[in-house]
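In case you want the letters, here they are:
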Amino acid sequence: MIRGLPTSLVLTAGLAACIAACKGQPYEAEWCSEADTGQVSPAEAPTWVEIGPLFAQKCGACHVAGGHAPFAVAEYADVVPYLGAIRDAVTARTMPPWLAADCCQSWFQDFSLTPTEIAAVQDWVDAGAPEGAGIGAPLDPIGGLSRVDVTLTMPEPYEPPVGDSIRCFVFDWPESSKRYVTGLAPQPGNRAEVHHLIVSMVAPDDADEVDEADAADPEAGFDCTGGLGDLPSPVLLGGSLLGGDYPRGIGNPVEPGSRILLQVHYSVDTVSLPDATSVQFRLDDTTAAVVEAGGIAISNPGWLVGTGMAIPAGEEDIAYYYRFRPSIYTGGVDVDLQGVTPHMHRYASKMRVLALHADGTSDCLLEIPDWEFGWEQPYWFANPVPLSAQDELYLECHFDNSAANQPTGEPPRDIAWGDSDQDMCAAFLSFTKSAP
Ligand code: HEC
């Protein structure tokens, strides 16, 4: 497995090596996020009493005392020291960290701000952040887990080496009957060095093999920087640093005797500090629908080989396109798409996923107009999206390898598919089988 890509995709890579055809053909449809929606501004600057509930609702899942965001938003006094940073982050749309455009789909637990809300925050700060009189009615935070049933924490802290590395940690699954994971939330121990992480499930039959890999390394966990090698492919449960409930009570079955595999991508600048990351799970005994193991991975296998996804030094906007019919993943039947997780690295600038129907029409499944490495997360659809057996999927990724977009400030160099000093273009769709 290469960084979350299922073995099936990696295995077909060798067969599908493409020399000139890897770039693919663009599908002619407008990007919805490029339509001009104009400027919005509320009539009068709000007070904290009026705008506080918005902070509770859209920031409160992460910005809580003791959480991994830098300050809480519950009280006026909590936010006052950060007004300038709040205004900057909100107007630049870097906070809340939500990359998916809402013109393309409606999302489950969408904690992004609307243009009107951004204008209100800006006007409130510009007016000197008036407090107002009275008490605002608090709103529940959007996002996060509604219930924590099991928490798995690394038993001993791990000190990652300087530089980029990926460490795999193996956890016994504590449940004694089959249960469904209906939500999960990673809790990075040391946010400064935990770049992102992937949580997956190893079936009981494969448990011995991961236990052996774990035992062979005297330190906590084992090195999996180059992938999982010959180990059996685990079932992806979730990625990123953000977590929450799955929508509509859908779940991943986990049998007793399974293992949870946590792949942590560490990125350490100069000084390594101990990290003890944990993962919280919401569990249920039954599920509304089973999330199919593995999901649908969209990526051109030819990109993985050599320079199949060449991104030459200096290119400001180079795009790769891929369309295919996902029958190897769905068994060629109609399915309900439940959510989508994009995956790219530091040179990526924007991406989108479309469903292409046999009648020539298309549906936008995900559009990210401004990609941000570090805020990868699953986006769940507000309503399941039906995908018929005849439909194709289309993925389009853009990269900026110009001097202005170098993460290290070094001169641009040629890059291709690879680890985080290179780039990737993939999306993973979670689906359930449609009711007969
Ligand atoms: C999903 C979790 C999450 C949500 C929701 C969220 N934040 Fe953050 N925020 C973070 C984390 C984590 C950091 C720490 C910086 C980092 O990790 O990159 C942060 C950092 C910040 C910072 C520091 C400057 C910066 O950009 O890093 C500001 C300001 C901020 N958040 C404002 C907000 C506001 C205002 C909201 C709501 C409108 C909000 N955030 C919603 C997780 C969140």
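Here the structure is a predicted model, which means the values were calculated and not measured.

A.B. asks: Is there a simple way to think about the domain arrangement of the protein chain in this case?
C.D. replies: For interface size, the figure often reported is the accessible area lost on association. Domain boundaries assigned for the protein chain yield domain 1 (7–33 + 293–433) and domain 2 (150–284). Each of domain 1 and domain 2 has a C-alpha centre, and the two are 24 Å apart. Taken residue by residue, the interface counts 19 residues in domain 1 and 17 residues in domain 2. Inspection of the domain 1/domain 2 interface yields 0 salt bridges. For the pair domain 1 and domain 2, the number of links is 3 residue pairs in polar contact (both at pLDDT 80 or more). Looking at the side of domain 1 that touches domain 2 residue by residue, the classes come out as 8 nonpolar, 8 polar and 3 charged.

A.B. asks: Looking at this structure, I do not really get the sheet that holds strand β13 (residues 335–343). What am I missing?
C.D. replies: Strand pairing in a sheet relies on backbone hydrogen bonds, with the paired strands running either antiparallel or parallel. Strand order across the open sheet formed by 4 strands is β11-β18-β13-β16, with antiparallel pairing between neighbours. Edge strands, defined here as strands with exactly one partner in the open sheet, are β11 (296–298) and β16 (379–387). Sheet twist, expressed as the mean angle between neighbouring strand axes with direction ignored, is 30°. Strand direction decides the pairing type here: β11 and strand β18 (residues 426–433), joined by 3 bridges, are antiparallel. Within the sheet, the bridge partner assigned to Ala-297 lies in β18 and is Phe-428.

A.B. asks: Mind showing me how you'd approach the coordination of the iron atom of the ligand here?
C.D. replies: Metal coordination angles in their ideal form are 109.5 degrees for the four-donor tetrahedron and 90 or 180 degrees for the six-donor octahedron. Protein ligation of the iron atom of the ligand involves His-63 (NE2) and Met-95 (SD), the donor distances falling in the range 2.0 to 2.3 Å. Classification of the site at the iron atom of the ligand rests on its 6 donor atoms, whose angles at the metal span 85 to 179°, yielding the label octahedral. Remark: Met-95 occurs in the loop between α4 (83–91) and α5 (115–126) and His-63 occurs in the loop between α2 (48–59) and α3 (76–79); sequence separation between them is 32 residues. Met-95 gets classed as partly exposed once you look at its relative accessible area, which sits at 28%.

Definitions and limits used
- Residues numbered from 1 in each chain as written.
- Predicted model: local features only at pLDDT ≥ 70, side-chain atom pairs only at ≥ 80, totals over all residues.
- Heavy atoms only, no water.
- Domains from an automatic or database assignment.
- Contact = heavy atoms within 4.5 Å.
- Salt bridge = Lys/Arg side-chain N within 4 Å of Asp/Glu carboxyl O.
- Polar contact = N/O pair within 3.5 Å; in protein donor to acceptor, adjacent residues only side chain to side chain.
- Nonpolar A, V, L, I, M, F, W, Y, C, P; charged D, E, K, R; others polar.
- Pairing = 2+ DSSP bridges.
- Helix = DSSP H or I, 4+ residues; strand = E, 2+ residues; numbered from the N terminus.
- Axes fitted to C-alpha atoms, helices over the stretch in contact; angles between N-to-C directions.
- Donors = N, O, S within 2.8 Å, 3.2 Å for Na, K, Ca; no water.
- Tetrahedral: all angles 85-135°; square planar, octahedral: opposite > 155°, others 65-115°.
- Buried < 20%, exposed > 50% of the residue type's maximum accessible area, 1.4 Å probe, protein only.

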